[in-house]
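Chain by chain, the residues:
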Amino acid sequence: MSEIELSEAQSRAIAQTVREALARRRISRQTLAEEARISISTLEKALAGRRPFTLATTIRLEEALGQSLRQERGRPTPEAARHAPDELGSYSRESVAWIEGRYLTLRPSFGTAGAIFAYRTEIAWDADAARLVFREAERLDAPFAQSGSVAVPSQSGMIYLVTNWHGQHRLAVLCRPNIQGEMYGVLTTLHAGRGTQLTPAASPLALLPEQAGAHGYGRIGPDEPGYAPYRAHLARVHDDGYATFFTGVA
């Protein structure tokens, strides 16, 4: 009985309740997994919807959280939220559907001078969390691939890709897509230096619709065929006024 898998609807509802409990109690997923005596991999996959919750896992989570996670019979399932939370812009899926898709993503390489780092960013609607989310793929440094939420506030007209990993933030600020569907802006992150040193870093960033054609992913050097068009896209961030870089006072 303990290995009985719950239905997809039950698993989605439990995942939402667990995420809310984590946020409310300000505890990490790792801490919850340890207290529930389950692997962090099992918890992450279930919360992401990549595998259903089992009865045994659910019972252990209930014991660790001290609350019921399963819907009581006869009680109607609450209607899924239709708008993103206020901190992301309170948008509906219909109002941001034009952002969904796969994008070729370009920025300068942080490790090789003059080279360009190219990878993929996927933006899609997460029905359980009621928000757009993004995920990076095709990165040479796969362990450092980012994922997170997408903010689209109406006031600024900008699009924000927000990563918040246990309080450590990374932020991409992008202008809205032009007629070709291209988005340009700035990435702010941490650059790994010598040893364990981390340094704040910022760079131009370009997201281009993947179907427009790519010259490959990875670290693209000046002698490779895709370098010139990639470099031209990054140059537009400054040259076309999509972002301003202040280097100090003269």
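The structure reproduced in this document is the subject of the present report. (Residues numbered from 1 in each chain as written. Predicted model: local features only at pLDDT ≥ 70, side-chain atom pairs only at ≥ 80, totals over all residues. Heavy atoms only, no water.)

### A closer look at the packing of helix H2 (residues 29-36) against helix H3 (residues 40-47)
Pairs of packed helices are described in terms of their axes, by the angle between the two and the distance that separates them.
Turning to step 1, where the next piece is worked out: Contact geometry of H2 with H3 gives a least axis separation of 9 Å together with a crossing angle of 115 degrees. The way H2 lies across H3 gives a crossing that is right-handed. Of H3, the residues touching H2 (which contributes Arg 29, Gln 30, Leu 32 and Ala 33) are Ile 40, Leu 43, Glu 44 and Leu 47.
Turning to step 2, where the next piece is worked out: Residues of the contact of H2 with H3, tallied by class, amount to five nonpolar, one polar and two charged. (Axes fitted to C-alpha atoms, helices over the stretch in contact; angles between N-to-C directions. Helix = DSSP H or I, 4+ residues; strand = E, 2+ residues; numbered from the N terminus. Left-handed = near helix turned anticlockwise from the far one by under 90°. Contact = heavy atoms within 4.5 Å. Nonpolar A, V, L, I, M, F, W, Y, C, P; charged D, E, K, R; others polar.)

### So, empty space enclosed by the protein
Turning to step 1, where the next piece is worked out: Throughout the structure, instances matching the rule amount to one cavity of 30 Å³ or more.
Turning to step 2, where the next piece is worked out: Each pocket or cavity is described by its volume, and for the largest cavity that value is around 50 Å³.
Turning to step 3, where the next piece is worked out: Thr 105, Tyr 119, Thr 121, Phe 134, Glu 136, Leu 161, Arg 170, Ala 172, Leu 187, Leu 205 and Leu 207 together form the lining of the largest cavity.
Turning to step 4, where the next piece is worked out: Contributing elements (two or more residues each) for the lining of the largest cavity: strand S2 (116-126), strand S3 (131-137), strand S6 (168-175) and strand S8 (198-209).
Turning to step 5, where the next piece is worked out: Residue composition of the lining of the largest cavity, by class: seven nonpolar, two polar and two charged. (1 Å grid on protein atoms, 1.4 Å probe; cavity = no way out; pocket = protein on both sides within 12 Å on 5 of 7 lines; lining within 4 Å. Points joined across faces, edges and corners; volume = space filled by probe spheres on them.)

### Details of the nonpolar core
Turning to step 1, where the next piece is worked out: By size, the foremost hydrophobic cluster in this structure holds 24 residues, and its most contacted members are Tyr 91, Ile 99, Ile 123, Val 150 and Leu 161.
Turning to step 2, where the next piece is worked out: For this core, the secondary structure elements donating two or more residues are S2, S3, strand S4 (147-151), strand S5 (158-165), S6, strand S7 (183-192) and S8.
Turning to step 3, where the next piece is worked out: The element contributing the most residues to this core is S2, with four residues.
Turning to step 4, where the next piece is worked out: Ignoring any residue separated from it by four or fewer positions in sequence, one finds Ile 99 in contact with Ile 123, Leu 132, Val 152, Ile 159 and Met 183.
Turning to step 5, where the next piece is worked out: Of all hydrophobic cores here, the second largest spans 17 residues; its members include Leu 6, Leu 32, Leu 47 and Leu 65. (Core = buried A, V, L, I, M, F, W, Y, C linked by side-chain atoms within 4.5 Å. Buried < 20%, exposed > 50% of the residue type's maximum accessible area, 1.4 Å probe, protein only.)

### Some points on the side chain of Thr 57
Turning to step 1, where the next piece is worked out: Among the structural elements, Thr 57 can be located in helix H4 (residues 55-65).
Turning to step 2, where the next piece is worked out: A polar contact of 3.0 Å, which involves the side chain of Thr 57, links it to the side chain of Thr 54.
Turning to step 3, where the next piece is worked out: Beyond its immediate sequence surroundings of up to four residues, Thr 57 is in contact with Ile 38 and Thr 42. (Polar contact = N/O pair within 3.5 Å; in protein donor to acceptor, adjacent residues only side chain to side chain.)

### Comments concerning the environment of Tyr 184
Turning to step 1, where the next piece is worked out: In this fold, Tyr 184 is placed in strand S7.
Turning to step 2, where the next piece is worked out: Between the C-alpha atom of Tyr 184 and that of Glu 5, which follows or precedes it by 179 residues, the distance is 44 Å.
Turning to step 3, where the next piece is worked out: Ignoring anything within four residues of it in the chain, the contact list for Tyr 184 reads Val 173, Leu 174, Cys 175, Asn 178, Leu 205, Ala 206, Leu 208, His 233, Arg 236, Val 237 and Tyr 242.
Turning to step 4, where the next piece is worked out: For Tyr 184, the side chain forms a polar contact with the side chain of His 233, separated by 2.8 Å.

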